[in-house]
Amino acid sequence: MEEWEALIQRRQMLLDKVSKINYEVEKIEQRLDLLGRMTSYEEFDRYRTQERLMQMVS
């Protein structure tokens, strides 16, 4: 195999790896975003529950 063929194959292999890594990073970012929204919602829900309890006590 000539050097240029080996380099082309190596380049393609690295591009494939980069593509897989990008996909994994995107999935992690989506999951982090979801968890962030869930945390915000849970905090909001907790606040509303506390607010309701305060109204019941008053």
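One can find the structure itself at the top, above this paragraph.
All of the points below concern the structure found in this document.

The rules we used
- Residues numbered from 1 in each chain as written.
- Predicted model: local features only at pLDDT ≥ 70, side-chain atom pairs only at ≥ 80, totals over all residues.
- Heavy atoms only, no water.
- Helix = DSSP H or I, 4+ residues; strand = E, 2+ residues; numbered from the N terminus.
- Rg over C-alpha atoms; globule rule 2.2 N^0.38 Å.
- Buried < 20%, exposed > 50% of the residue type's maximum accessible area, 1.4 Å probe, protein only.
- Patch = residues over 30% accessible without salt bridge, like charges linked within 9 Å, V, L, I, M, F, W, Y side chains within 5 Å.
- Areas by Shrake-Rupley, 256 points an atom, 1.4 Å probe, with all protein chains shown as cover.
- Salt bridge = Lys/Arg side-chain N within 4 Å of Asp/Glu carboxyl O.

**Quick look at the overall build of the protein chain**
Thought 1: Helix and strand content of the protein chain: one helix and zero strands.
Thought 2: The C-alpha atoms of the protein chain give 25 Å as radius of gyration, which overshoots the globular expectation for 58 residues (10 Å, by more than 25%).
Thought 3: Judged by the C-alpha coordinates and their principal axes, the protein chain covers about 85 × 5 × 5 Å.
Thought 4: A burial count over the protein chain gives 0% of its 58 residues as buried.

**Considering a nonpolar patch on the surface**
Thought 1: On the surface, Ile28, Leu32, Leu34, Leu35 and Met38 cluster together to form a nonpolar patch covering roughly 430 Å² of accessible area.
Thought 2: Mapped onto the elements, Leu35 comes out in helix α1 (residues 3-57).
Thought 3: Under the relative-accessibility criterion, Leu35 is labelled partly exposed at 36%.

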